[in-house]
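Listed here are the chains, written in short residue letters.
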Amino acid sequence: IFRPDRRKCTRLILRDNALTANGMKILADQFLRISPQVRYLGLSGNKNIGDIGVGHLTRLLRANRSITLLALHNTGLTDDGVQILGDLLCAEVD
């Protein structure tokens, strides 16, 4: 997904790309492998990411501190997924 010579990307907008939980796993694995300095990650409109995909996203967010803005509208999150994200964000404040 990311080439080592292309690490200067600060916004990654993947809106309406039919991403699934598996796609989020692939994205998280790539982010963890090369650590791009993305600040904005736009995932809106990928209704099949769901709570499992959010689990992969939280793995990414724990390791990559550059992401400061997420767009998660219409990604299939339920209350459980929101809880997972909330727990991560609250833990980071402590």
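Residues numbered from 1 in each chain as written. Predicted model: local features only at pLDDT ≥ 70, side-chain atom pairs only at ≥ 80, totals over all residues. Heavy atoms only, no water.

Averaged over every residue, the pLDDT of the protein chain is 89; the share at 70 or more is 89%. Confidence, read as mean pLDDT per element, is least for helix α3 (residues 79-93) in the protein chain (85) and greatest for strand β2 (residues 40-42) (96). (pLDDT = per-residue confidence, 0-100. Helix = DSSP H or I, 4+ residues; strand = E, 2+ residues; numbered from the N terminus.)

Let us now look at the pattern of salt bridges. Pairing between side chains of opposite charge can happen when their charged atoms approach one another. What the rule picks out here adds up to 2 salt bridges. K25 serves as the salt-bridge partner of D29, at 2.9 Å between the closest nitrogen and oxygen. Residue D29 and its partner K25 are both found in helix α1 (residues 21-34); the two are separated by 4 residues, about one turn of the helix. Residue classification places D29 among the partly exposed residues on the basis of a relative accessible area of 28%. Residue K25 is classed as partly exposed on the basis of its relative accessible area of 35%. The salt bridge involving D29 is made with R59; its shortest N-O contact spans 2.9 Å. Placement of D29 in helix α1 and of R59 in helix α2 (residues 50-63) is noted, with a sequence separation of 30 residues between them. R59 sits in the partly exposed class, given a relative accessible area of 30%. It is possible to trace a salt-bridge network through shared partners that takes in K25, D29 and R59. (Salt bridge = Lys/Arg side-chain N within 4 Å of Asp/Glu carboxyl O. Buried < 20%, exposed > 50% of the residue type's maximum accessible area, 1.4 Å probe, protein only.)

If you look at the biggest cluster of nonpolar residues, it comprises 18 residues, and the most contacted ones within it are L27, L41, L43 and L57. Of all the secondary structure elements, the ones that give two or more residues to this core are α1, α2 and α3. (Core = buried A, V, L, I, M, F, W, Y, C linked by side-chain atoms within 4.5 Å.)

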